[in-house]
Amino acid sequence: MEDVAPSTTRRGLLAGGGIAAVSSLAGCFDRLWSQAETPGPDQISMSIKAVPADDDPIAATIASRLRENYSDAGIDASHEPVAKAELYRDVLLEGEYDVFVARHPGYDDPDDLYGLLHSRFVGEQGWQNPFRFTELAADNHLETQREATEDDRPAELVELLDHLLQSVPFTAVAHPYRITGTRESFEVPSPPRDALGYVELCAHEANGPRDGPLEVGVFGEGLTERLNPLAVDRNRIEGLLDLLYDPLARRIDGSYVPWLAESAEWDEGGGLRARITLREGLEWHDGEPIDADDVAFTLDLIEDTSLGEVEGGIPAPRFRGQQTLVESTDVVDSRTIELYFVNTTRAVAARALTIPLFPEHIWAERSELLTDRQTVAVTHDNENPVGSGLFAFVDASTDEEVVLEPFDAHVLRGTSDRPSVLEGFSRFEGIRFQVAPNSGAMRDLLIDGDIDVTASEIPPGSVEEIRDASDVSTTMETTDAFYMVGFNSQHAELGNPNFRRVCARLIDRQHIVSEIFEGFATQAKGTPSLVGIHDDAWEYDDDKFADPEPDILSFPGTDGSVDTSQSQPLFQDIGYNYDGGQLLK
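To start, this report covers the structure provided alongside it. (Residues numbered from 1 in each chain as written. Predicted model: local features only at pLDDT ≥ 70, side-chain atom pairs only at ≥ 80, totals over all residues. Heavy atoms only, no water.)

**Quick word on the environment of Ile58**
The test is simple: Numbering of helices and strands starts at the N terminus; helices are DSSP runs of H or I of at least 4 residues and strands are runs of E of at least 2. Should any heavy atoms of two residues lie within 4.5 Å, those residues are counted as being in contact.
With respect to the element layout, Ile58 can be found in helix H3 (residues 57-72). Considering only alpha carbons, one finds Ile58 and Ala102, 44 residues apart in sequence, at a separation of 9.0 Å. Once residues lying within four places of it in the same chain are set aside, the contact partners of Ile58 are Tyr483, Ile516 and Phe517.

In C-alpha cells form, the structure reads like this:
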C-alpha cells in the first residue's frame, strides 16, 4: 500500500472531528486589583501541567518548551508532568492549575465552543469551560451564533472567533496529522478514530471477509479500564465507546443521518421542535428493548446525574453542550418522542441527536450521591458496558486486550434500509484491541503481523521505521484535533486578557511543527485555527477572516527561543515591570 497523503476533501478535514476587541480598560482594572491584593515586588509564577512523555511526547515537549520561554520572559515557571488521570482531575474537575497543555479532540461544529467557553458552565466539570472563563461579551457572541438564521450565522461566527482571538481563554498550537500504521494488504480508507472509521474498515471489500476479528493495536496504561462514557477520565482508546453506544443520528459527510432514529420531523412553527420516531425492534446489548423513555432519560441524566436529588443538579461532565440545546421533551409513545429546543436553528439543534443513548434500567440507579457534588454515574468504571452499538462488549483483560463481538440483534445489521456507509458491513467477527505498553511495542506488533492496523497514532519519530519495514506502511490525514495551551482565568495574572495574549505568543508554532512534529502537523496561524478550528475546515467560504495582527500571533524570538529584548516590552506595554530580569506583579 502506498502512503496516503493528507486528504484535501471536506470529509477528510472535518470527519472525526467547528469583532469585539477586549477592553483594555478591563485589563487595567484586573491589573490594579491584582496590585491591591498582592503589594510588593513579587515575581510572577506559573506552573504548566501536561501528561508525561510516555503518554504524549508532543504535549510534554510543548509544555517543556513553554516553561523555558516563560522563564526567559521573566516568569517563575515550572513544568509539572502529571499522569493523565491526575491531569483530568486537576484541570477538568478541580480547576487546580495555572496553565495546561493537552490535545483536544476538536469540534464537530463551531457551536462546540458554546460548551467549552460559556460562563453558564464555569462551575461544571469536564470540557465544559475548564478555563473558568467568564466574559459577558463572549457569552453574547456564543448565544447569538446559536440563535442566528442559517444565512446570518456565518457572519456571527466570524465575530465570535475574532473576539476569542482577542480574549484568548486558550490558544491552539498545531493541528497534528493522524498517522496510522497498517499491513500492506489491508485497505484503510482513513485512520480509525470513531465508530464510522471502524465501520469503513470492517466494510471494505479488500479486507475480507475472513475468520476472526479485526486486530487493532493501541498503546498506553489503563486502556482496558474506565468504560464509562460520561467519566472525565474515560477510556482512552479512541472510538471504543463510540462503537458500544449509539446515538439517534450520526454526522456523516456534514449531514445528520438517522441511526437509532428512523426519522426526524422538524417543525419551526411556534418554536423549533423535532418529532423523533425510533426504528422498530431496537434492543440494548442485554436484550432489553430501547424506547422513547430511554431517550428522555438520557437527556435528563446529562442535565442532572442526580436525577433531581440535588438542588441545582449535578450535570454530567460530557455532552452538555449538545444537551443544552434541548429545552424539554415529551414522550408520545414507546417509539416516539418530541424534542423542544431553545432559540436556535435546525442545523445547530440537530447536534443534540448525536448524544449517545444510555439504558434507563441500568443508569437510573447510578444517580446515587457519593459526595455533595458527585454521583455514581460519573465515577463508576462501567466494567461491563451495555449499550446499543453495532458491537457489544465481551471482555477486557488487564493491560492486554479489549474484545468486542458483533451485536447480531442490532437493527442496522438485519435490514436493507440502512445508511450507505454500512454497505458490505461487516467482514470481521468482531474487533480485538491489542494493548501494547508503548508506541515501540505497538510498532513491533504491526511489523510482526500481529495486528491489522494501529488506532493509537504513530509518533512522528517512528514513521520512517515503519515505512522502511516490509509488508507494512502508514496512512495519514489531517484532523480537527489540536494541541492547546489553556489558561486558568482564576489565576491572579491570567485573569487579565492582555496578559493571556502575551503568554499565548510565547510559543514558536512554526518551530514546534518543524522540530517536534517533524512536519506532520499544520501550524495554527489563521483566526479559526488559533481558536481550534482547522483553517481548511472552515465551511463558510464566503466569509473572510483578516490575518491575525502581529500582536496576536508573532513569536518574540527565533528558532523556538525567546529574545528578551522583544518579550520584555510586550509585558511592559501592558503595565508590568522588571527587576533583574524578573517579571513582577
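**So, the environment of Thr344**
Heads up, the rule is: With a 1.4 Å probe rolled over the protein chains alone, any residue whose accessible area is under 20% of its type maximum counts as buried; one over 50% counts as exposed, and the rest are partly exposed.
Within the secondary structure, Thr344 is located in the loop between strand E11 (336-341) and helix H12 (346-349). The exposure class assigned to Thr344 is buried, which follows from its relative accessible area of 10%. For the pair Thr344 and Thr149, spaced 195 residues apart in sequence, the C-alpha separation works out to 8.0 Å. Apart from residues lying up to four places away in sequence, Thr344 is in contact with Arg146, Glu147, Leu272, Leu325 and Ala349.

**Details of a negative patch on the surface**
The criterion, for reference: Note that patches include only residues with greater than 30% relative accessible area and no salt bridge, and the join distances are 9 Å for like charges and 5 Å for nonpolar side chains (Val, Leu, Ile, Met, Phe, Trp, Tyr). Computed with the Shrake-Rupley method and a 1.4 Å probe, the accessible areas treat only the protein chains shown as cover for residues. Every case where a carboxyl oxygen of Asp or Glu lies within 4 Å of a side-chain nitrogen of Lys or Arg is listed as a salt bridge. His is not counted, nor are the chain ends, whereas Lys and Arg count as positive and Asp and Glu as negative. Throughout, a charge is located at the NZ atom of Lys, the CZ atom of Arg, the CG atom of Asp or the CD atom of Glu.
Residues Asp54, Glu221, Glu225, Asp399 and Glu400 make up a contiguous surface patch of negative charge. Looking at the secondary structure, you find Asp54 in the loop between strand E1 (45-50) and H3.

**Remarks on the pattern of salt bridges**
This model, assessed by the stated rule, comprises 27 salt bridges. The salt bridge involving Lys49 is made with Asp90; its shortest N-O contact spans 2.9 Å. In this pair, Lys49 is assigned in strand E1 and Asp90 in helix H4 (residues 84-94), connecting sequence segments 41 residues apart. The exposure class of Lys49 is buried, given its relative accessible area of 8%. We classify Asp90 as buried; its relative accessible area is 3%. Note that Arg250 and Asp242 form a salt bridge whose closest N and O atoms lie 3.1 Å from each other.

**A look at the packing of helix H6 (residues 136-147) against helix H7 (residues 153-167)**
Rules: Between N-to-C directions, angles span 0 to 180 degrees; the directions come from axes that are lines fitted to C-alpha atoms, helices contributing only their stretch in contact. Should an angle lie under 35 degrees it is considered roughly parallel, over 145 roughly antiparallel, and from 65 to 115 roughly perpendicular; all remaining angles are considered oblique. We call a crossing left-handed when the near helix sits turned anticlockwise from the far one by less than a right angle, and right-handed when that turn is clockwise.
One can describe the packing of H6 onto H7 by two numbers: an axis separation of 9 Å at closest approach and a directional angle of 155°. As summarised for this structure, H6 and H7 are arranged roughly antiparallel, according to the angle between their axes. Crossing hand, H6 versus H7: left-handed. Side by side, H6 and H7 meet where Ala137, Ala138, His141, Leu142, Thr144 and Gln145 of the first sit next to Arg153, Glu156, Leu157, Glu159, Leu160 and His163 of the second.

**Comments concerning helix H17 (residues 509-516)**
Every buried residue of H17 is listed here: Arg509, His511, Ile512, Val513 and Ile516. Lining the buried residues of H17 we find H3, strand E4 (170-183), helix H16 (497-505), strand E20 (521-523), helix H18 (527-530) and helix H19 (550-553). Positive backbone phi, approximately 55°, marks Glu518, located one or two places after H17.

**Focus on the sheet that holds strand E8 (residues 261-267)**
Heads up, the rule is: At least two bridges found by DSSP between two strands is the condition for calling them paired.
The 4 strands lie next to each other as E8-E9-E11-E10, forming an open sheet whose pairing is antiparallel. Sheet topology places E8 and strand E10 (326-333) at the edges, where each strand pairs with a single neighbour. Direction aside, the axes of adjacent strands within the sheet are offset by 20° on average. By the bridge criterion, 6 bridges tie E10 to E11 in an arrangement that is antiparallel. Residue Ser328 lies in a different strand from E11, and its bridge partner there is Tyr340. In this fold helix H10 (residues 292-303) packs onto strand E9 (273-278), E10 and E11, with an angle of close to 165° to the strand it touches most, E10.

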